[in-house]
Amino acid sequence: MQGIVLESKITCPECGFSKVETMPTNACQWYYECESCKTLLKPLKGDCCVYCSYGTVKCPPIQEGSDCCSGK
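Right, let's walk through the structure included here. No experiment lies behind these values; they were computed from the predicted model shown. (Residues numbered from 1 in each chain as written. Predicted model: local features only at pLDDT ≥ 70, side-chain atom pairs only at ≥ 80, totals over all residues. Heavy atoms only, no water.)

### Quick look at a nonpolar patch on the surface
Note the threshold: Each patch is assembled from residues with relative accessible area greater than 30% and no salt bridge, linking like charges that lie within 9 Å and nonpolar side chains (Val, Leu, Ile, Met, Phe, Trp, Tyr) that lie within 5 Å. The Shrake-Rupley method, run with a 1.4 Å probe sphere, supplies the accessible areas, and residue values consider only the shown protein chains as cover. What makes a salt bridge here is a side-chain nitrogen of Lys or Arg within 4 Å of a carboxyl oxygen of Asp or Glu, nothing more. A run of H or I in DSSP becomes a helix once it reaches four residues, and a run of E becomes a strand once it reaches two; helices and strands are each numbered from the N terminus. Exposure is judged per residue with a 1.4 Å probe applied to protein chains only, and the accessible area is read against the type maximum: over 50% gives exposed, under 20% gives buried, and values in between give partly exposed.
A cluster of nonpolar side chains, Trp 30, Tyr 31 and Leu 40, forms an exposed patch at the surface whose accessible area comes to about 330 Å². With respect to the helices and strands, the residue Leu 40 is situated in strand S4 (residues 40-41). The partly exposed category is assigned to Leu 40, whose relative accessible area is 46%.

Right under this line is the structure:
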């Protein structure tokens, strides 16, 4: 997976809390609970996962130019 960035800083749109997380390479992450305010984040319409919606780096499949989670 040369050239693929696995860390993304995810920022909660409710309280602004940010945390660097390691993205999974074998699955999409559809939900993420903010550590600060406990808001459950879900992907925005048109995005495949919470990293594509709220992270500084898109998920690994999107970085590779693939569809992320083709079942969605």
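### Side note on the pattern of salt bridges
On inspection of all chains with the given rule, the structure shows two salt bridges. The shortest N-O distance in the salt bridge between Glu 21 and Lys 19 comes to 3.8 Å. The buried category is assigned to Glu 21, whose relative accessible area is 19%. Taking relative accessible area as the criterion, Lys 19 reaches 29% and is therefore assigned partly exposed. Between Lys 19 and Glu 35 there is a salt bridge, with its nearest N and O atoms 2.3 Å apart.

### Quick notes on the side chain of Ser 8
Stated formally: Should any heavy atoms of two residues lie within 4.5 Å, those residues are counted as being in contact.
Among the secondary structure elements, Ser 8 is positioned in strand S1 (residues 7-11). Once residues lying within four places of it in the same chain are set aside, the contact partners of Ser 8 are Lys 19, Val 20, Glu 21, Met 23, Tyr 51, Gly 55, Thr 56 and Val 57.

### Comments concerning unusual backbone geometry
Excluding glycine, residues mostly have negative phi values, and the peptide bonds linking residues are mostly trans. Phi at Lys 38 is positive, roughly 70°, even though this residue is not glycine. Relative to the assigned elements, Lys 38 resides in the loop between strand S3 (32-33) and S4.

### Section: the nonpolar core
Our working definition: To define a nonpolar core, start from buried Ala, Val, Leu, Ile, Met, Phe, Trp, Tyr and Cys residues and group those joined through side-chain atoms within 4.5 Å.
If you look at the biggest cluster of nonpolar residues, it comprises 16 residues, and the most contacted ones within it are Ile 10, Leu 41, Cys 48, Cys 49, Val 50, Tyr 51 and Cys 59. In terms of residue count, helix H1 (residues 50-54) provides more of this core than any other element does, four residues in total. Discounting residues that sit within four places of it in the chain, Tyr 51 has contacts with Ser 8, Ile 10, Glu 21, Thr 22, Met 23, Pro 24, Gln 29, Val 57 and Cys 59.

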